[in-house]
Amino acid sequence: MKPLVRRLSSGLRGVLGLVVLVSAAAALTATAPASAQDVMGTAGVRGAGSTFAYPIIARWSAAYRNERARGSAFPTANSGLEDPPASSALQYEPVGSLAGMLRLKVGAVDFAASDVPLKSAELTRFGLAQFPIVVGGIVAVVNIEGVGPGQLKLTGPLLADIFLGKVRVWADPAIQALNPTLKLPDAAIAVVQRADGSGTTFNFTDYLTKVSPAWKERVGSDLLVPWPTGASARGNTGMAQAVRQTRNSIGYVEFATALQTRLSYAQLQNQAGRFVQPSPASFQAASAGADWAKASDFDLMLTDAPGPDAYPIVATVFVLMQKSASRVKTAAALDYFGWSLDKGAPIAASLGYVPLPEPLVKQVRSYWATTLQPGQ
């Protein structure tokens, strides 16, 4: 299965560009746990994909259901669609960006969440629409005795060398030189990396490719990459658990997961040469210069953004939907996402994400009206 999935994710964002998608998605669905099968069989809107997005989608979904239960009406204004029933339910499986896109392709779910923007040609080829819903950061998490959140400093090239296996111990002079006040152990660095097709991996490796020629030449960026070293974990939660259980380890997760699991994380040096703490403010600084109006189908990456306060590994969560899905399913999904964009900003901020700015929300709603053409 691994060689097949590797081919599917090759060429960066051309992940849907092979005929073998159908058999791959069928295999993924067939091996899903019983609970996942139950979710996919329930009524309402079904989604799958990004584990990066899972904390915010879960919280939004709970708040959305609570408001709907109280009978509040929130129309999909300017979407060109009829309002869905107020009782619409949403179920979401955090199976990874690649698996979510595969399931959407064969109609197993109504939407996929991904941290990887697809190119317009791919979207057109497969009849898909794509739009952003939230922005967040990816952090290097560590389990080093005596090192708290935000205390360790790393540069991008040094982070790449650690994941390349070139820097092998925490007391390496290159790490110690950046952290003269930290007592780092003379112990082997236990690298943990993602085993599944992951948008978090795509953005993490996209950043390393931009800052490290050695990483670009040997590994590159993709949803799945040939990791030079380390042990594997599945999903952001699996990565967090592996780092928590392994002394002297390092991995990468989205910021909300790091906060929820109380893992220590590193400061990273940005393009301006400053060491920056991960935070909604530094994620916002990274996304401030994004020119979404000129990005076809919102195809835009935010890694290694310029700016003195910009955090360097920032990612956008995108939703993928079939353009010609049923009117009822499309309207129900857009009601949820419309509620999330218009009312979910405080929840997003509380989890460490960055809500979309109002001009971008308006752009997304306009995109719905012109791009989504549901059937009966």
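Thresholds applied
- Residues numbered from 1 in each chain as written.
- Predicted model: local features only at pLDDT ≥ 70, side-chain atom pairs only at ≥ 80, totals over all residues.
- Heavy atoms only, no water.
- Core = buried A, V, L, I, M, F, W, Y, C linked by side-chain atoms within 4.5 Å.
- Buried < 20%, exposed > 50% of the residue type's maximum accessible area, 1.4 Å probe, protein only.
- Helix = DSSP H or I, 4+ residues; strand = E, 2+ residues; numbered from the N terminus.
- Contact = heavy atoms within 4.5 Å.
- Pairing = 2+ DSSP bridges.
- Axes fitted to C-alpha atoms, helices over the stretch in contact; angles between N-to-C directions.
- Parallel < 35°, antiparallel > 145°, perpendicular 65-115°, else oblique.
- Nonpolar A, V, L, I, M, F, W, Y, C, P; charged D, E, K, R; others polar.
- Expected span 1.5 Å × (residues − 1).
- Left-handed = near helix turned anticlockwise from the far one by under 90°.
- Salt bridge = Lys/Arg side-chain N within 4 Å of Asp/Glu carboxyl O.
- pLDDT = per-residue confidence, 0-100.

1. Quick notes on the nonpolar core
F131, L152, F163 and I250 are the most contacted members of the largest nonpolar core, which totals 97 residues. Among the elements that make up this core, the one with the highest residue count is strand β4 (residues 128-143) (10 residues). When sequence neighbours within four positions are dropped, the list of residues in contact with F163 reads V191, V192, F204, W215, W227, P228, T229, I250, G251 and Y252. Counting residues in each nonpolar core, the second largest holds 16 residues, with L104, F126, L128 and L224 among its members.

2. A word on the pairing of strand β1 (residues 45-49)
Most of β1 is tucked away, with 5 of its 5 residues classed as buried. The side-chain alternation of β1 yields two buried faces, one formed by V45, G47 and G49 and the other by R46 and A48. Note that β1 and strand β2 (residues 90-93) share 4 bridges and pair parallel. If you follow A48 over to β2, its bridge partner there is E93. Alignment of β1 against strand β3 (residues 111-114), held across 3 bridges, turns out to be parallel. Paired with A48 across the bridge in β3 is A112.

3. A closer look at the packing of helix α4 (residues 54-69) against helix α14 (residues 327-343)
Between α4 and α14, the least distance of the axes is 10 Å, while the angle of their chain directions is 105°. The angle between α4 and α14 places the two elements in the roughly perpendicular class. Together, I57, W60, S61, A63, Y64, E67 and R68 of α4 and A332, D335, Y336, W339, S340 and K343 of α14 make up the contact between the two elements. Among the residues forming the contact of α4 with α14, the class breakdown is 7 nonpolar, 2 polar and 4 charged.

4. Notes on α4
Think of an α-helix as 3.6 residues a turn; residues three or four steps apart then line up on the same face. Spanning 16 residues, α4 covers 22 Å between terminal C-alpha atoms, matching the ideal 22 Å at 1.5 Å per step. By the burial criterion, the buried members of α4 are P55, I56, I57, W60, S61, Y64, E67 and R68.

5. Things to note about the packing of helix α7 (residues 156-164) against helix α9 (residues 199-211)
Interhelical geometry of α7 versus α9 gives an angle of 115° and a closest axis separation of 9 Å. α7 and α9 meet at a crossing whose hand is left-handed. Contact residues: α7 offers G156, P157, L159, A160 and F163, while α9 offers F204, Y207, L208 and V211. Here the residues of the contact of α7 with α9 sort into 8 nonpolar, 1 polar and no charged.

6. Things to note about unusual backbone geometry
Here the phi dihedral of N248 falls at roughly 60°; this positive angle occurs in a residue that is not glycine. One can find N248 in the loop between α11 (235-245) and β8 (249-254). Note on N248: relative accessible area 14%, which makes it buried.

7. Concerning the pattern of salt bridges
One pass over the full model with this rule turns up 11 salt bridges. Between K343 and E67 there is a salt bridge, and its shortest N-O distance comes to 2.8 Å. With K343 in helix α14 and E67 in helix α4, this residue pair connects regions lying 276 residues apart in the sequence. Residue classification places K343 among the partly exposed positions, given a relative accessible area of 35%. Of the residues examined, E67 reaches a relative accessible area of 10% and is grouped as buried. Across the salt bridge formed by K329 and D110, the nearest N and O atoms sit 3.7 Å from each other. On the criterion of sequence distance, the pair formed by K329 in helix α14 and D110 in the loop between α5 (97-105) and β3 is long-range, its members being 219 residues apart. For D110, a relative accessible area of 13% puts it in the buried group. When salt bridges that share partners are traced, they join R46, D110 and K329 into one network.

8. Examining the sheet that holds strand β5 (residues 153-154)
If you trace the 3 strands from one edge of the open sheet to the other, you get β5-β10-β11, paired in mixed fashion. This sheet does not close on itself; its edge strands, each paired only once, are β5 and β11 (275-276). Two strands pair when backbone bridges link them, and β5 and strand β10 (residues 267-269) are joined in this way by 2 bridges, in the parallel orientation. Considered in β10, the bridge of L154 is made with L268.

9. Some remarks on the side chain of T316
Inspection of the secondary structure puts T316 in strand β12 (residues 314-322). Residue T316 is classed as buried on the basis of its relative accessible area of 3%. In this structure, T316 is in contact with S114, D115, P132, V134, V135, W292 and L302, ignoring residues within four places of it in sequence.

10. Quick notes on the confidence of the model for the protein chain
Per-residue pLDDT for the protein chain has a mean of 86; in total, 83% of the residues score no lower than 70. A low-confidence stretch, residues 1-43 (pLDDT under 50), is modelled with 77 contacts involving residues beyond four sequence positions or located in other chains. Note that pLDDT drops below 50 for residues 72-88; the model gives that stretch 39 contacts with residues more than four away or on any other chain.

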